[in-house]
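Spelled out, the chains give:
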Amino acid sequence: MESEDVAMNEADSLEALSGVLERLTENPYDISLHAEHIRIARSTGMDDQVDSALEMMTAFWAAGDEVWLPLIERKLHTSSLDVPEDLRAILDLFTRAEQDYLSMPILQKHLEFLVDRFEHLAQLESKPDGLGELFSPEWMHGTLTKVVSLGIGHITKGHLLWDIQRDWELERLQNASGEEREQLVGLVEAMLLERLQQPHSNFEETFQAYSSFTTNYKPPDEYESLLVKASKQRSRAVKGFQMREDLENSLARANFSLEGYAYYLGVERRRKNPDMFVLKALYERAIAEAAKRRFVGEPTAEEALRSFWIGYVDVLRQQDAEDEEQLLVFRRGMRSIPVSGDFYARYMRFLERALESEEAASEIHSTYEKAQSIAPLQTDVEQLVALVLARAGFEKRLVEAGKAGEQGFDALMQIIMDGINRVRKASSSGDPRLRLEKYLSAICLDLADLQANAVILWEDTAKHYKTSYLAWTSYTEVLTKQHMYDDARKAFRDIAMKNLDWPEAIWEAWISFEQLHGTVEELEDALDRIERAQTQVNNRRAKEAEKAQLAAAQLIAETQATSVPVAEAPVPTQTELMLEPTSMQVDSAFASETSTKRKAEDEGTPESSKKARVEEQTVAKLKRDRENCTVFVAELPAGIQEDELTALFKDCGSIREVKITQLPNSLVATVEFMERDSVPAALTKDKKRVRGQEIAVHLAWRSTLYVTNFPEDADDTFIRTLFGKYGEIFDVRWPSKKFKSTRRFCYVQYTSPASAESALELNGTNMQEGRTLAVYISNPERRKERTDSDANEREVYVAGLSKLVTKEDLETLFKTYGTVKDVRMILDDKGRSKGFAFVEFENEQDARAALAANNHELKKRRMAVTLADSRVRPKNKAPGYREEVRNRSVRVRNLPSGTQEGLLQQALEKHAKVKRVEVFADLAEAEVELENAAEAGKLLLKPDSIVFNGNTLQIVAENSSGPPTSRPIAPPSATSGFFVPRNAVSRPRAGLGSKQRGLGTAQGSTAPAAGGSATSGSNGGGGKGQDDFRKMLLGGK
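The protein has the name U4/U6 snRNA-associated-splicing factor PRP24 in an unreviewed UniProt entry, where Trametes cubensis is given as its organism. Here is the UniProt Subcellular location (unreviewed entry) comment for the protein, exactly as written: "Nucleus".

If you want it as structure tokens, here you go:
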């Protein structure tokens, strides 16, 4: 029976093997089929089938060590290592493997093989015939150097390769004599000195090796001078490794995630002078990791791999790398990502730059033909469009330069038209942005005898893309340019009532058309038709909004049910569901705008009326919550403007703000409404088309995570690398620590809710120091449970303490009032109490009860106890206090826009011990208070500049003179020395035809006299020129 099962399993495996081979024959550029082929071949237990599957993979794709190492191992076991032909075959196999991806195991195995064979052959009386120069000392030196160079830029593992060559070279030197010894001394010294100038982790070991070498092979009297010189030479490399050590550690803690590599690469590329030794190796590492993850089926790996390769070749071009180096990287990249049209486009542009026109034309033609044979590329519209545009661009430039020959223009037209047909076949939706059609239309309109072709093109395009506003507006626009007004009007009338992706664009274009080219009757007819169409569209959208509203309510209810324990979960009513979507709360610029007002409202409510107004206050608070009024918009087309999004969402409700953000791989936006009731209608815009491209719209809170209980030393890099593997991160927001230094949480917002939901698997992950990471979808209803948002109400401030009071004394005293969560004693440099402390309770009631300890005597001193309000600083300070604070504070200038206090503090803490950071956004400055004056001196005397988010920070001492204020001294007033009260300055009122302006606009400008003109703008003539036309546009007279 067992033999029958085995036979059946073998039969099933062989049948599956046959099936996957058949599919591979049809589509050899599907890497998932190759992975399946290898897996099935291994299940058969047949070595020849496994070898065949591995070899087939390498024939079509670049492969990693998961493919090459088994092939190399098999070759080593089946070859005779004393036969020259077998040795050459093994060396060729190593070379092929090393050309695909950086693999430290393969490179290490290659070096060990070379050293082992060299030692083996050296012991033979005579070398085998046919070896030639193979494994001679000179050949070994050159080959070892070449292999080591492939991975030496890996700053944490490169030494695994270099040490092998160093040991071999030193052994060779030890056995040498005479003239050969002198030559080898120079060679090894140069090798050691070169390595000392390269950033790497075991720089101390390398320096020790150089010291030993100098002791053994250099004159004793030169020892000290040589080591001093070498020490100076290595200082830059040591600093280079040390400033990247945190990035390397964060990357390792994040399990070498692709997002982590992307962040690391971004940091390296933003440096003023990128270190290509490090940057190239980092790209190689990132590419190898992405390829490995793609092979095992990780969904986002393919996109990341393409991004890494494209970034790699772009950096080489920008840094003017040699053409041979760029060509090698391009050829490797085409094996790795053969379905990337963007990469092929860059390769064709490289060929155009690097080769003569005839040679370039031949290479580009063959590259384009090869790309057309790759089936997956032909079904990906984005990649196909990039490929065709690159090919057409080269041909167009040849035509314009007169180098294309008689058939050049016809070839150009054929390339574009074939591309249009392939795009439409590739996908039912085609190219929503109509890039190839626009390209061809522009060419036709430039030539008088082909303008009619543009009309035909857009007529055909509009018929194919029936619901695309872009196709129809382009069609009517070209009709108008050709003065075919009746045809344009007919087209407008035909499509006005149709269900287009953006009907408002068509209506607006029609009105503009009739205002320019129509009669009064034709204009009014258009307005009437548009009004009827608008009514129809609004009715349809109202139904869609109602459905979306119900769906949002159901989703909110489900979210609350999963985030609240069953025993505590209330049963929400329909009204409550629409008023209580979850959201995020964090110390940021926009949150601080209303924090003072909210506090005043909360504190101004009498205790007796709180219960009666609790429901009203809850609703009011949620309505004022900006995140509950915000939707997140992703997958936006390039170049989109805020006014386009405003037009798209204006029918949903009053819009407060539209903010567009460019991320490394996408363009996203946030749209904030005045009222939260506008959000359900806004959600109906999901999957709508903007500029012909579908956008994604979702509630902002759905893609936001609240993260806490991470390690003390975790920073922005750590969080981004840890969470980046689940999707593209929009932002990471950190709380300010200027009010409470113990705050340790952050908010991670993704560009899609799916990424946030995937990242929830990190909840409960065991971190270092025995911490368990907490990760939740942001929820304002549970905010007090998870943050220190109510810390002021739960904390008391104790002053007037004796210096003999200890933390235990305070815990003993205050635990009589309730459960004490934490006691923070403020200590001086000698570890003694400064006379005040903070005591935090588990709940607010206990803290209020503890106020009874006010005027209590403890160790012969009466103490003062009040509720801690960290946002109100004591007015009465000890003598010299302000001067002492100034002495240990610095001013940081040239801050980038939108600086987070938490992030700035993280950056500065790498250089000194920071106590408090306060950012003044309007001045692009920050006040930084350090632990003591010595720490302030570290920052002020730091020889290297600190770069923060692309800006080089300017660090200066705090001004010791002037008023005792935390803000910088204001610049001189424009009022010639007269004091003008702040509230007395007149402010322009915002009204019809006016904009609210800040006070600062008056400085540095000269206002015209009343009734006068700022500039005459006269040219002395009576005619109206371009300047007059500009005046008319700007409302001038």
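*Asks:* Got a minute to help me understand the pairing of strand β18 (residues 914–920) in this structure?
*Replies:* Within a regular strand, the side chains alternate between the two sheet faces. Most of β18 is tucked away, with 6 of its 7 residues classed as buried. Relative to strand β19 (residues 925–930), β18 runs antiparallel, the two being bridged by 6 bridges. Bridging across to β19, Glu918 finds its partner in Glu927. From the end of β18 to the start of β19, which pair antiparallel, there are 4 residues, and Ala924 there has a positive phi angle of about 55°.

*Asks:* Help me understand the packing of aromatic side chains in this model?
*Replies:* What describes a pair of aromatic rings is the distance from one ring centre to the other and the angle between the planes of the rings. If you walk through the whole model with that rule in mind, you get 30 aromatic pairs. Their ring planes at 45° and their centres at 5.4 Å tell us that Phe330 and Tyr347 sit as a pair that is tilted. Taken together, the positions of Phe330 in helix α15 (residues 323–336) and Tyr347 in helix α16 (residues 341–354) put the pair 17 residues apart, joining distant regions of the chain. Summarising the burial analysis for this pair, Phe330 and Tyr347 share the class buried. Among the aromatic residues, ring-to-ring pairing joins Tyr283, Trp309, Tyr312, Phe330, Phe343, Tyr347 and Phe350 into one connected group. Positioned over the ring face of Phe207 is Arg234, at 4.3 Å from the centre of the ring. Sitting over the face of the ring of Tyr368, Arg391 holds its NZ or CZ atom 5.7 Å from the ring centroid.

*Asks:* Help me out: how do you make sense of the packing of helix α5 (residues 84–100) against helix α6 (residues 104–123) in this one?
*Replies:* When two helices pack together, their arrangement is given by the angle between the helix axes and by the axis-to-axis distance. It is at 10 Å that the axes of α5 and α6 come closest, and there the two elements cross at 155°. In terms of their interaxial angle, α5 and α6 are classed as roughly antiparallel. Considering how the two elements wind past one another, α5 and α6 form a crossing that is left-handed. Judged by residue contacts, Leu87, Ile90, Leu91, Phe94, Ala97 and Glu98 of α5 engage Ile106, Leu107, Lys109, His110, Phe113, Leu114 and Arg117 from α6. Its residues assigned to classes, the contact of α5 with α6 shows 9 nonpolar, 1 polar and 3 charged.

*Asks:* I tried to follow the confidence of the model for the protein on my own but got confused; where do I start?
*Replies:* Predicted coordinates in areas of low pLDDT are best not read in detail. Looking at the protein as a whole, its pLDDT mean stands at 81, while 80% of the residues score no less than 70. Counted against residues more than four places away or in other chains, residues 1028–1037, with its pLDDT under 50, gives 4 contacts.

*Asks:* Would you mind showing me how to read the pattern of salt bridges here?
*Replies:* Between side chains of opposite charge, pairing is possible as soon as their charged atoms come close. This structure, assessed with the given rule, holds 62 salt bridges. Ionic pairing is found between Asp163 and Arg166, a salt bridge with its closest N-O pair at 3.5 Å. With Asp163 and Arg166 both in helix α8 (residues 159–175) and 3 residues apart, the pair spans about one turn of that helix. For the residue pair Asp163 and Arg166, the accessibility class agrees, reading buried in each case. Here Glu929 makes a salt bridge to Arg916, at a shortest N to O gap of 3.1 Å. A residue pair is termed long-range when its members are at least 10 positions apart, and Glu929 in strand β19 and Arg916 in strand β18 qualify at 13 residues. The exposure class assigned to Glu929 is buried, which follows from its relative accessible area of 7%. In this structure Arg916 comes out as buried when scored by relative accessible area, which is 9%.

*Asks:* Can you help me understand α8 in this one?
*Replies:* Given 3.6 residues per helical turn, the α-helix brings residues three or four places apart onto the same face. For α8, with 17 residues, the first-to-last C-alpha span of 24 Å sits near the 24 Å given by 1.5 Å per residue. Those residues of α8 lying buried are His159, Leu161, Trp162, Asp163, Ile164, Gln165, Arg166, Trp168, Glu169, Arg172 and Leu173.

*Asks:* Help me out: how do you make sense of a negative patch on the surface in this one?
*Replies:* A cluster of like negative charges, contributed by Glu356, Glu358, Glu359 and Glu363, occupies part of the molecular surface. Secondary-structure assignment places Glu356 in the loop between α16 and α17 (357–372). Taking the relative accessible area as the measure of exposure, Glu356 reaches 63% and is therefore exposed.

*Asks:* Would you take a moment to explain the packing of helix α11 (residues 223–253) against helix α33 (residues 716–723) for this structure?
*Replies:* Contact geometry for α11 and α33: axes closest at 8 Å, N-to-C directions at 30°. Viewed along their axes, α11 and α33 adopt a mutual orientation that is roughly parallel. Relative to α33, α11 is oriented so that their crossing is right-handed. Residues Leu247, Ser250 and Arg253 of α11 pack against Thr717, Phe718 and Thr721 of α33.

*Asks:* What exactly am I supposed to notice about the sheet that holds strand β9 (residues 745–750) here?
*Replies:* Consider a sheet: its strands pair through backbone hydrogen bonds, and that pairing is either parallel or antiparallel. One open sheet holds the 4 strands; their spatial order is β8-β9-β7-β10, and the pairing between them is antiparallel. Looking at the sheet topology across the chains shown, the edges are occupied by β8 (729–733) and β10 (774–777). For this sheet, the mean inter-axis angle between neighbouring strands, taken without regard to orientation, is 20°. Relative to β9, β8 runs antiparallel, the two sharing 4 bridges. Counted as the bridge partner of Ile729 is Tyr750 from β9.

*Asks:* Can you help me understand the pairing of strand β13 (residues 833–841) in this one?
*Replies:* Here β13 lies mainly inside the structure; 7 of its 9 residues are buried. Sheet analysis places strand β11 (residues 795–799) next to β13, joined by 5 bridges and oriented antiparallel. Considered in β13, the bridge of Val798 is made with Ala837. Here strand β12 (residues 820–827) pairs with β13 via 6 bridges, running antiparallel. Within β13, the residue paired with Leu827 across the bridge is Ser833.

*Asks:* Teacher, can you tell me more about the UniProt feature "coiled-coil region" (unreviewed entry) in the protein here?
*Replies:* Per the UniProt record, the feature "coiled-coil region" (unreviewed entry) sits at residues 513–543. Regarding residues 513–543, the helix share stands at 94% and the strand share at 0%, and the terminal C-alpha atoms are separated by 31 Å.

*Asks:* Whenever I open this one, the sheet that holds strand β17 (residues 889–893) confuses me. Can you help?
*Replies:* Taken in spatial order, the 4 strands line up as β18-β19-β17-β22 in an open sheet, and their pairing is antiparallel. Looking at which strands have only one partner, the edges of the open sheet turn out to be β18 and β22 (954–957). Pairwise comparison of adjacent strand axes, ignoring direction, gives a mean angle of 25° for this sheet. Where β17 lies against β19, 4 bridges are found, and the strand directions are antiparallel. The residue bridging Ser889 from the neighbouring strand is Glu929, located in β19. Most of the contacts of helix α40 (residues 901–909) go to β18, to which it runs at about 135°, and overall it touches β17, β18 and β19.

So, how was this worked out
Residues numbered from 1 in each chain as written. Predicted model: local features only at pLDDT ≥ 70, side-chain atom pairs only at ≥ 80, totals over all residues. Heavy atoms only, no water. UniProt positions renumbered as here; feature names shortened; annotations may be inferred. Buried < 20%, exposed > 50% of the residue type's maximum accessible area, 1.4 Å probe, protein only. Helix = DSSP H or I, 4+ residues; strand = E, 2+ residues; numbered from the N terminus. Pairing = 2+ DSSP bridges. Phe/Tyr/Trp six-rings, centres within 6.5 Å; stacked < 30°, edge-to-face > 60°. Lys NZ or Arg CZ within 6 Å of the ring centre and 35° of its normal. Axes fitted to C-alpha atoms, helices over the stretch in contact; angles between N-to-C directions. Parallel < 35°, antiparallel > 145°, perpendicular 65-115°, else oblique. Left-handed = near helix turned anticlockwise from the far one by under 90°. Contact = heavy atoms within 4.5 Å. Nonpolar A, V, L, I, M, F, W, Y, C, P; charged D, E, K, R; others polar. pLDDT = per-residue confidence, 0-100. Salt bridge = Lys/Arg side-chain N within 4 Å of Asp/Glu carboxyl O. Expected span 1.5 Å × (residues − 1). Patch = residues over 30% accessible without salt bridge, like charges linked within 9 Å, V, L, I, M, F, W, Y side chains within 5 Å. Areas by Shrake-Rupley, 256 points an atom, 1.4 Å probe, with all protein chains shown as cover. Lys, Arg positive; Asp, Glu negative; His and termini not counted. Charge placed at Lys NZ, Arg CZ, Asp CG, Glu CD.

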